[in-house]
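# Coordinate inspection notes
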Amino acid sequence: MSDKIKFSIDDVEIEGEVGQTIMEAADAAGVYIPRLCASKNLTPHGSCRVCTVKVNGRSQAACTQPIAPGIIVENDTDELKGHRRSIVEMLFVEGNHYCMFCEKSGNCELQAVAYRLGIAAPAHEYLFPNRDVDATHPEIFIDRNRCILCGRCVRASKELDNKNVFQFVGRGIEKKVAVNADANLSDTDMAGVDMAASSCPVGAILRKRVGFAIPVGERLYDAKPIGSEIESNRAENK
Amino acid sequence: MTKPKIATTSLAGCFGCHMSILDIDDRILKLVELIEFNKSPVNDIKKFTERCLVGLIEGGCCNEENVHVLQDFRKNCDVLISLGDCAIMGGIPAMRNSVPLKECFEEAYLNGVTVFNPAGKIPSDKELPLLLDRVYPCSEIVKMDYHMPGCPPSADTIWETLVALLNNKPLDLPYELVKYD
């Protein structure tokens, strides 16, 4: 029995393997589906909904939905791009995202996805929430102003570092990433080399003393949009 | 045919976006062939003398004077463009938005480590524009037609945008020219 599964994304025939999610199969085939909470080597979370695609006409998160023979997936359509723009715009107004002085700027996935979606400015009112910063740890700091609640640090700490440093607390607009200690990050067993420290797509968890090392113009997303690295896998681009 | 008019202003900004306008270098000679500046810090015209096609707004609104100027621009310009991140989302001045106004004043005039203020008074002269409770993005005060992100938007971004607008052409900026920093 063949373990290949044939399906289509935006009318392009894709061949995936049994057990793959739509996102994994798309990545391998060189089709970029925008995402924020999904990251290679981490269990899919399906929480940011940026990767929402239509599968046979129904909305599904591409990072969690397994592929099946013959499914028709819509990805790069005006409707879905509109939804993605709305989600990303809401993330921008819900936090305090000061790109102009953020060390992550240029390497930030939230910013890069916004560039790729063509967002000049969010269409919603800014909330200017009051969020805190935890700089107690000697090597790492948390700036919750920039957190988008993707949960990558939570998963990376558990799955890759075999620790349990981060967890969500609160609900709705009060939801935030907390540390597994009575008080601060410095009270946890977090180490500077932990994968959880490098898992953050935005500038919410950063290593200290390495900011602004890469000059403007040479940063990850300065010259090429996010997803270009995936699209270079496409057969016709090789 | 008379040239289209452009007005510019810097509200709660640092004038960096205006520096970026000047950074179009010798293209500014081409620009003055295409347009005429009306109210603007570039020529120091203080009041609108004619209706303008474009108003470029740098900075958000941190005091009542900013609000009045912005409303004046909306009345006198056909197209209003947020020039830079401060006009779009408040920028660095908006960092005070999570701090109560009273605490901002006390830090600035009484408690700050570098403050020298023997009288111990917070300035309250009637001539000083009243500070708003927080810094407002321009789009929360008046309708803004377009947004040009960047801190500042690069000279090329400003140039390409103005040229497209003046020629009534759609704007298709290359990827490198739209940045939030």
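Residues numbered from 1 in each chain as written. Chains lettered and ligands numbered in written order. Predicted model: local features only at pLDDT ≥ 70, side-chain atom pairs only at ≥ 80, totals over all residues.

Turning next to the sheet that holds strand 5 (residues 77-83) of chain B. Residues and elements named next belong to chain B. What the five strands build is an open sheet, ordered 2-1-3-5-7; its pairing is parallel. Strands with a single pairing partner mark the edges of an open sheet, and in this sheet they are strand 2 (36-37) and strand 7 (146-148). Here three bridges tie strand 5 to strand 7, and the two strands are oriented parallel to one another. Bridge pairing in strand 7 places L83 opposite M148. Where helix 3 (residues 64-76) meets the sheet, it contacts strand 1 (5-10), strand 3 (52-58) and strand 5, and its direction lies at approximately 135° from that of strand 5. (Pairing = 2+ DSSP bridges. Helix = DSSP H or I, 4+ residues; strand = E, 2+ residues; numbered from the N terminus. Contact = placed C-beta atoms within 7 Å. Axes fitted to C-alpha atoms, helices over the stretch in contact; angles between N-to-C directions.)

This brings us to the interface of chain B and chain A. Counting residues at the interface gives 21 residues for chain B, matched by 14 residues for chain A. When residues of the side of chain B that touches chain A are assigned to their parent elements, the largest contribution, three residues, is made by helix 4 (residues 85-89) of chain B. Along the lines of polarity and charge, the residues of the side of chain B that touches chain A split into ten nonpolar, six polar and five charged. (Nonpolar A, V, L, I, M, F, W, Y, C, P; charged D, E, K, R; others polar.)

Next up on the list: the sheet that holds strand 6 (residues 133-134) of chain A. All names here are of chain A. Strand order in the open sheet formed by three strands is 6-7-10, with antiparallel pairing between adjacent strands. The sheet terminates laterally at strand 6 and strand 10 (205-207), the two strands that pair on one side only. Bridge analysis of strand 6 against strand 7 (residues 140-143) gives two bridges, and the strand direction is antiparallel. Along strand 7, the bridge assignment pairs V133 with D143.

Before going further, it helps to examine the packing of helix 2 (residues 78-94) of chain A against helix 3 (residues 109-116) of chain A. All names here are of chain A. Their axes nearest at 10 Å, the elements helix 2 and helix 3 cross at an angle of 135°. Relative to helix 3, the element helix 2 lies oblique. Seen along the crossing, helix 2 lies across helix 3 with a hand that is left-handed. Mapping the contact onto sequence places V88, L91 and F92 in helix 2 and L110, V113 and A114 in helix 3. Among the residues making up the contact of helix 2 with helix 3, the classes are represented as six nonpolar, no polar and no charged. (Parallel < 35°, antiparallel > 145°, perpendicular 65-115°, else oblique. Left-handed = near helix turned anticlockwise from the far one by under 90°.)

In regular strands, side chains alternate between the two faces of the sheet. All names here are of chain A. Two elements, strand 1 (residues 4-9) and strand 2 (residues 12-17), share six bridges in a ladder whose sense is antiparallel. Across the sheet, the residue bridging to I9 is V12, located in strand 2. Here strand 1 folds back onto strand 2 in antiparallel fashion, the turn holding two residues, of which D10 has a positive phi close to 45°. Pairing analysis gives two bridges linking strand 1 to strand 5 (residues 72-74), with the strands arranged parallel. Within strand 5, the residue paired with S8 across the bridge is I72.

So, on to the domain arrangement of chain A. All names here are of chain A. Domain annotation of chain A identifies domain 1 (4-76) and domain 2 (103-207). Taking only C-alpha atoms, the centre of domain 1 and the centre of domain 2 are 25 Å apart. With eleven residues of domain 1 at the interface, the matching set in domain 2 holds 14 residues. Of the residues belonging to the side of domain 1 that touches domain 2, the class tally is six nonpolar, five polar and no charged. (Domains from an automatic or database assignment.)

Residues and elements named next belong to chain A. Ranked by internal contacts, the top residues of the largest apolar core, which has 60 residues, are A26, C51, A62 and L110. Two domains each donate at least three residues to this core, and these are domain 1 (4-76) and domain 2 (103-207). Contact partners of C51, with chain neighbours within four places excluded, come to M23, I33, P34, R35, A38, A61, A62 and C63. (Core = buried A, V, L, I, M, F, W, Y, C linked by C-beta atoms within 7 Å. Buried ≥ 20, exposed ≤ 12 C-beta atoms within 10 Å, placed from the backbone.)

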